[in-house]
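Residue strings, one per chain:
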Amino acid sequence: SSTLASFLNNPSRGGDSGEDVNSGRDVHSGGAGAVRRDSRGSMGSMGKGPVTRNTSSFVLDAEANPTPQSIPPPVFGDQGNIGEKHVLVMVGLPARGKTHMAKRLCQYLRFFHGARTQVFNVGSYRRKMMPKRADATFFNTKNEESERLRMGFARAALKDMIDFLFQEDNVSYLEQRGFDSGRVAIFDATNTTRARREWIRLQLDRLPIKLLFVESVCTDPAVIDRNIWQAKMHNDDYKNDADKIRAYEDFKLRIRQYEAVYEPLEEEHLSFIKLINCGRRVEINNIHGFLLGRIVQFLSNLHATHQTIYLSRHGQSEYNFLGKIGGDSGLSKMGEAYAKRLGEYCEQTLCVDPDSGEQVPCRLWTSSLRRTILTARHIPHPKIKVSGTSSASWIQMSRRELRNLDEIYAGVCDGMTYLEIEANYPEEFALRRENKLGYRYPRGESYLDVISRLDPLVQELESYQEPVLIVGHQGVLRLIYAYFMGLDRADACTASIPLNTIIKLTPRTHVCDEERSVLYVPSREDLGVVGTGGHPDDAGGGVSPTAAAAAAHSNPFAANIEPPSY
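Worth saying up front: this structure is predicted, and the values here are computed from it rather than measured. (Residues numbered from 1 in each chain as written. Predicted model: local features only at pLDDT ≥ 70, side-chain atom pairs only at ≥ 80, totals over all residues. Heavy atoms only, no water.)

A. Local environment of helix 2 (residues 98-113). With 16 residues, helix 2 should cover 22 Å at 1.5 Å per step; its first-to-last C-alpha distance of 21 Å lies within 8% of that length. Helix 2 sits mainly inside the fold: 14 of its 16 residues count as buried. Taken from the residues just after helix 2, Gly114 is the one with a positive phi, measuring 70°. (Helix = DSSP H or I, 4+ residues; strand = E, 2+ residues; numbered from the N terminus. Expected span 1.5 Å × (residues − 1). Buried < 20%, exposed > 50% of the residue type's maximum accessible area, 1.4 Å probe, protein only.)

Next up, the structure:
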């Protein structure tokens, strides 16, 4: 079996299974005593002093390094100034997608930038503080009583928002430095008048925060109507109404009440971004800083259409069959069978409008590794006509190969089984169990590293309106799945992404709809439990090395072969 010394003496990679390794220093996550290596895996010029070597690291004696750096520098996914605080104030008429933007942005900043985020929706405070349902007349600004109540709801939301921004963390300062990238609060309301926006600015003026106003403008009646039917008719104000037509008319009257006093965002002394007609035109004013720049970039890519994303792991690979991680192997027999089923599913289901039966434009992404490319090779690519566009035709499922989608690179452990890793590098094996999110394989990657290279791809996904199929790898798809499902990053590392399965995700304003379809279930004959003639004496040679356990129904991975956790 391999040893660390042999890998350090031979820096070549057996099979490419991820992004290029950082040529700089690798730093293990953890507290005091974090392990350092340079790109050669050696101590380099860290200084003189006793050096202790074990199976997985080099450690300087405490006398030689009495005050070590206890927290490693942040990776991309944890950038941010410690304790920096931002407030985003939504502006716009009802049914312009403000809450959808706030929710998507909240999850993006939490997942990709490590910020602590929360949306404070004034409408939710109204429903909580006022037991009687508010119809359209409640939003008439000439009604002094309702105006007083609505100002009270705004004050309550603003107070809770300030408490959130400045509340004490239940962790030590040292622990906080390890993961806190500041706080972002989103004040979600119409805020359609200059007076209301100035009131908010004055309430926050003396606080150490960065303030950004975000206005959503929509002049397309079709988009507004779609937003009303898809979002507003299912919120707490109208979800129990049996007469949806009456509810629709009530909401349209509410919009007219706001239109009567609406003043577009034009105050040049404020920092703001104005998104016009789902980002077709974007105006920015007086914006400075890294995170605010990222927010502008993300919102510019966002739209109100509920597009569909399909996730599929590659078919079982030869390394999956052998229980090895990483590598760049081809497909096993079971993997090839799944690849053919996937091609049929795309042609008959994914690319077809369920109502008209016509082909709809769809996109296809794969990683640069052989097992995803081979899995997607049976998907057909006909040219189809696209209505409402100037282009003559659309090449259906034209494959786009992206290295950012490559699997987590396991470094010196690439091509090994988990038993081999535990036997040869027990300390690394234990470190990974303690912190799967932040753990970085020696000369390899961590989940946080993969998050950083997925950031631009997720922004591009948010900009698409066509369905997208991603044929990828377990670790990478876990992160994409967790982002769209609204999960925390720590929970992403154990998300279930099985083989032979298509996961259909449809992100909406408050939830993400999920549907799973198993395209291929290996038979007992496929697994090698019985021979081709159905006799146990002829068993063996199937697609699964765990066929014997499958016969006894004692191995949960028998029909879904993969090491328990990547």
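Having seen the model, we can carry on.
B. Quick look at the pattern of salt bridges. Taken as a whole and assessed by the stated rule, the structure comprises 28 salt bridges. Glu147 is the partner of Arg150 in a salt bridge, and the nearest nitrogen-oxygen pair spans 2.5 Å. Taken as a pair, Arg150 and Glu147 lie in helix 4 (residues 144-166) at a separation of three residues, close to a single helical turn. A residue is classified by how much of its surface remains accessible, and Glu147, at 31% relative accessible area, is partly exposed. The salt bridge partner of Glu466 is Arg363, with a shortest N-O separation of 2.9 Å. Here Glu466 is found in the loop between helix 15 (447-463) and strand 16 (468-472), whereas its partner Arg363 is found in strand 12 (residues 363-366), with 103 residues between them in sequence. Judged by relative accessible area, Glu466 falls into the partly exposed class, the value being 21%. Judged by relative accessible area, Arg363 falls into the partly exposed class, the value being 23%. (Salt bridge = Lys/Arg side-chain N within 4 Å of Asp/Glu carboxyl O.)

C. Layout of the packing of aromatic side chains. Using the criterion set out here, one finds 13 aromatic pairs in the structure. Ring centres of Trp229 and Tyr248 lie 5.0 Å apart, and the angle between their planes is 10°; this geometry places the pair in the stacked category. In this pair, Trp229 sits in helix 7 (residues 221-230) while Tyr248 sits in helix 8 (residues 244-259), placing the two residues 19 residues apart along the sequence. You can call Trp229 partly exposed: its relative accessible area is 34%. When the ring of Tyr483 is compared with that of Phe484, the centres are 4.8 Å apart and the planes differ by 70°; the resulting orientation is edge-to-face. Owing to a relative accessible area of 0%, Tyr483 belongs among the buried residues under this scheme. Put simply, the rings of Tyr108, Phe111, Phe112, Phe298, Tyr483 and Phe484 touch in pairs and so form one group of aromatic residues. Sitting over the ring of Tyr125, Lys128 keeps its end group 4.7 Å from the ring centre. (Phe/Tyr/Trp six-rings, centres within 6.5 Å; stacked < 30°, edge-to-face > 60°. Lys NZ or Arg CZ within 6 Å of the ring centre and 35° of its normal.)

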